Amino acid sequence: MEKLTVLGGSDRSHLIGGQSFLFDYNGKRIIIDCGLGLDQEESVPPLFSPLQSGPKIIGGLATHDHTDHISAFPYLEKLQCFDEGARLMASPQTAHGSYEVLYNGLNHNHGYSGFDWLAMPRFEAIEAPGEFELGGLKIFCIPNGHKLGSCLYIIKTPSGRKGMIWGDWCNQDQASACGMVPLDDWPDEWLPDEIWGSDFTYAGEGMKVKVPYADEEERMVVEVVRMILDGIFVRIATFANGKMPNVAIPLARALKQYGIPCYIDSTLGKNLWRVGNEYRWSERDIQLPAFGEESNIFPVYRKLREDLLNSSEPNVVVASAGFGHVGPIVDYLIKGLSRSDHFFASTSWLPSWSPMYQLKNHGHSGKEISLSFKQSEERVTLPVCAGIGHYSLSSHNSPIDTILFLQKLIERRGEKLRRFVVTHGTKDSMLLAKDLVKEFVHDPEDNVIIGYPGTEIPIV
Ligand SMILES: [Zn+2]
């Protein structure tokens, strides 16, 4: 018996759940990703009930080190789901990055303890992209362009099926990582015949063609340079993990010629930057530059933050978190939103409860806005006089990217896919995606499945 069980995901229309899959084969069990969904108030863990029966987990894989893909791994330790000697594997950046992300999570995630974090198996680094073995299974991994060290996995089952867990993926080049390895460069023997996990984070926007990443990056650079020369304080809200280098590197490069530094303010961001500077896994990874004069990127510590907040000299700070609800960015928002010589921008997909979403959609000049920050019990009402912007620096695929990829894959395989499990989107975006992928799958009525948490799929 071979069976895939979807543990993580979403059946709500405003939540993109955490990703997690269980694969059972020959009486053994591995887990692929184990992430938390992030809602306003709560971290939504995967469904653990399927783990209460059956064998213990002997192996695990992580596609990348974002919270919605890894932050529930310590819960498995707490629930005693790991077999003795269980091995967790990932690219070196994901392996070392996970350690930082899970440690950082102890500050705000009360679902696991420091003990669970310490006691869980440490991720081992997969030596190089390509073939490796875990739990007696042959597995192939390919950089998928979502961030440094992010990859997809194709698992060859004992019966010979090849199921792909796509992870979050992107085919556009960013400052810290090149886009996904083009399908033309995948070996024939590792073309998947089933898709077990997908990325429909952006399917909610339908078939809208996205502005090319490079154009959006260029617009950000041009606008920020113009503003800072005009005496505007610029604050960009980004996630510490992945987005921060993508924003800071091109800004720092452009600002250098004017002698203006680019600051990054995020504890996790600084630690992950070190990981990205130390490890390089594939040719598609771009090694992050060291902080200092040469890169023109400088980390912010508490005292410097005070100085930057109170400075009369305009400065550029890239600060976490990207949703604006927590982290250093909150200090900048509280201090600067009421000032017309300030500019705030977001850079990622935003849930509607988040301060950056509220500002982007309702932050009109002169109007008061009520925002909810994690550290304050009550909502904070602030007058908005600062400029508000958004740069769509998404490191995800669009639905059109998915279609183009599937067309090519079917062409190379010479036949349609056996199965497609639609995952990692809101309930609405997954329903839309289900229609989108139908034409690429044999008997789509039976074989295109929305992977809500708890969905069990017998493979053979
Ligand atoms: Zn991600």
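Parameters at a glance
Residue indices begin from 1 for each chain and proceed along its sequence in written order. Only residues with pLDDT of 70 or above have their local features reported here, since the model is predicted, and side-chain atom pairs are shown and tallied only from 80 upward, although totals for entire chains, interfaces and linings are computed over all residues. A run of H or I in DSSP becomes a helix once it reaches four residues, and a run of E becomes a strand once it reaches two; helices and strands are each numbered from the N terminus. C-alpha atoms define the radius of gyration in this analysis, and the globule rule sets the expected value at 2.2 Å times the number of residues to the power 0.38. Any residue surrounded by 20 or more other C-beta atoms within 10 Å of its C-beta is treated as buried, while 12 or fewer makes it exposed and the intermediate range makes it partly exposed; C-beta atoms here are placed from the backbone. In this description, a residue-residue contact is defined by the distance between C-beta atoms placed from the backbone, which must lie within 7 Å. Note: two strands are recorded as paired if DSSP finds a minimum of 2 bridges between them. Angles shown run from 0 to 180 degrees and are taken between the N-to-C directions of axes, each axis being a line fitted to C-alpha atoms and, for helices, limited to the stretch in contact. Orientation is classified from the angle alone, with under 35 degrees giving roughly parallel, over 145 giving roughly antiparallel, 65 to 115 giving roughly perpendicular, and any other angle giving oblique. Each crossing gets its hand from how the near helix is turned against the far one by less than a right angle, where anticlockwise is left-handed and clockwise is right-handed. Only Asp, Glu, Lys and Arg are considered charged in this grouping, and only Ala, Val, Leu, Ile, Met, Phe, Trp, Tyr, Cys and Pro are considered nonpolar; every other residue, Gly among them, is considered polar. As used here, the arc belongs to the directions running from the helix axis to the C-beta atoms. Each domain span listed reflects an automatic or database assignment of domains.

A. Representation of the overall build of the protein chain. Helices and strands together make up the secondary structure of the protein chain, namely 13 helices and 24 strands. Over its C-alpha atoms the protein chain spans a radius of gyration of 22 Å, differing by no more than 12% from the 23 Å that the globule rule assigns to 460 residues. The principal-axis extents of the C-alpha atoms in the protein chain amount to approximately 65 × 45 × 40 Å. A buried classification covers 50% of the 460 residues belonging to the protein chain. The long-range share in the protein chain, meaning contacts at least 24 apart out of those at least 6 apart in sequence, stands at 74%.

B. Spotlight on helix H10 (residues 355-362). Along H10, the positions that sit buried rather than exposed are Pro355, Met356, Tyr357, Gln358 and Leu359. Here the buried face of H10 lies against strand E14 (233-237), helix H9 (329-336), strand E18 (342-346), strand E19 (368-371) and strand E21 (387-390).

C. Up close: the sheet that holds strand E22 (residues 419-422). Spatial ordering of the open sheet is given by E9-E10-E11-E12-E13-E22-E23, a layout of seven strands whose pairing is mixed. Strands at the two margins of the open sheet, each flanked by one partner only, are strand E9 (130-134) and strand E23 (448-450). Taking the axes of each pair of neighbouring strands and ignoring which way they run, one obtains an average angle of 25 degrees across the sheet. With five bridges joining them, E9 and strand E10 (residues 137-143) adopt antiparallel strand pairing. Within the sheet, the bridge partner assigned to glutamate 131 lies in E10 and is phenylalanine 140. This element, helix H12 (residues 427-437), spans E22 and E23 of the sheet and lies at about 160 degrees to E22.

D. Representation of the packing of helix H11 (residues 399-413) against H12. Where H11 meets H12, the axes come as close as 11 Å, and the angle between the chain directions of the two elements is 25 degrees. By the criterion of interaxial angle, the relationship of H11 to H12 is roughly parallel. In the crossing of H11 with H12, the sense of the turn from one axis to the other is right-handed. Contacts from Pro399, Thr402, Ile403 and Leu406 in H11 reach Ala433, Leu436 and Val437 in H12. Class assignment for the residues of the contact of H11 with H12 results in six nonpolar, one polar and no charged.

E. How the structure looks around the environment of lysine 367. By the secondary structure assignment, lysine 367 is in the loop between H10 and E19. Residue lysine 367 is classed as exposed on the basis of its C-beta count, with 10 C-beta atoms lying within 10 Å. For the pair lysine 367 and leucine 382, spaced 15 residues apart in sequence, the C-alpha to C-alpha distance is 8.5 Å.

F. How the structure looks around the packing of helix H3 (residues 92-105) against helix H7 (residues 267-278). Contact pair H3 / H7: the axes reach a minimum separation of 9 Å and the direction vectors enclose 165 degrees. With respect to H7, the axis of H3 lies roughly antiparallel. The two elements H3 and H7 cross, and the hand of that crossing is right-handed. On the side of H3, the interface is formed by Gln93, His96, Gly97, Glu100, Val101 and Asn104, while H7 contributes Leu268, Asn271, Leu272, Val275 and Gly276. Of the residues in the contact of H3 with H7, the class split is four nonpolar, six polar and one charged.

G. Representation of H9. Taken together, the buried positions of H9 are Ile329, Val330, Tyr332, Leu333 and Gly336. The arc that holds every buried residue of H9, seen down its axis, measures 165 degrees, which confines them to one face. Considering only its buried residues, H9 is in contact with E14, helix H8 (302-310), strand E17 (316-319), E18 and H10.

H. Examining the domain arrangement of the protein chain more closely. If you check the domain split of the protein chain, you get domain 1 (2-206 + 395-458) and domain 2 (213-390). When each unit is reduced to the centre of its C-alpha atoms, the spacing between domain 1 and domain 2 is 29 Å. Facing the 26 residues of domain 1 at the interface are 23 residues of domain 2. With seven residues, H3 is the single largest residue contributor to the side of domain 1 that touches domain 2. Counted by class, the side of domain 1 that touches domain 2 contains nine nonpolar, 14 polar and three charged residues.

I. Structural detail: the environment of glutamine 80. When you line up the elements, glutamine 80 lands in the loop between helix H2 (73-78) and strand E7 (82-90). When the 9 C-beta atoms within 10 Å are taken as the criterion, glutamine 80 is described as exposed. Linking glutamine 80 and glycine 387, residues 307 residues apart in sequence, is a C-alpha distance of 50 Å.

J. Representation of unusual backbone geometry. The step from serine 320 to alanine 321 runs through a cis peptide bond, and the omega angle for that step is 5 degrees. Within the secondary structure, alanine 321 is located in the loop between E17 and H9. In this model, glutamine 80 sits at a positive phi of 55 degrees, which is unusual for a non-glycine residue. The backbone of aspartate 443 shows a phi angle near 40 degrees, a positive value even though the residue is not glycine. Here aspartate 443 is to be found in the loop between H12 and helix H13 (444-447).

K. Representation of the pairing of E18. Most of E18 sits out of view: five of its five residues are buried. Residues His342, Phe344 and Ser346 line one face of E18 and the alternating positions Phe343 and Ala345 line the opposite face, and both faces are buried. Pairing of E14 with E18 involves five bridges; the strand directions are parallel. Bridge pairing in E18 links valine 234 to phenylalanine 343. Relative to E21, E18 is paired through four bridges, and the arrangement is parallel. In the strand pairing of E21, alanine 345 is matched with glycine 389.

L. The arrangement of the pairing of strand E3 (residues 28-34) in detail. Within E3, six of the seven residues are buried, which leaves the element mostly enclosed by the surrounding structure. Two elements, strand E2 (residues 20-25) and E3, share six bridges in a ladder whose sense is antiparallel. Along E3, the bridge assignment pairs serine 20 with cysteine 34. Connecting E2 to the next strand, E3, in antiparallel fashion are two residues, including asparagine 26 with a positive phi near 45 degrees. In this structure, E3 lies alongside strand E6 (residues 57-61), joined through three bridges in parallel fashion. Within E6, the position partnered with isoleucine 31 by the bridge is glycine 60.

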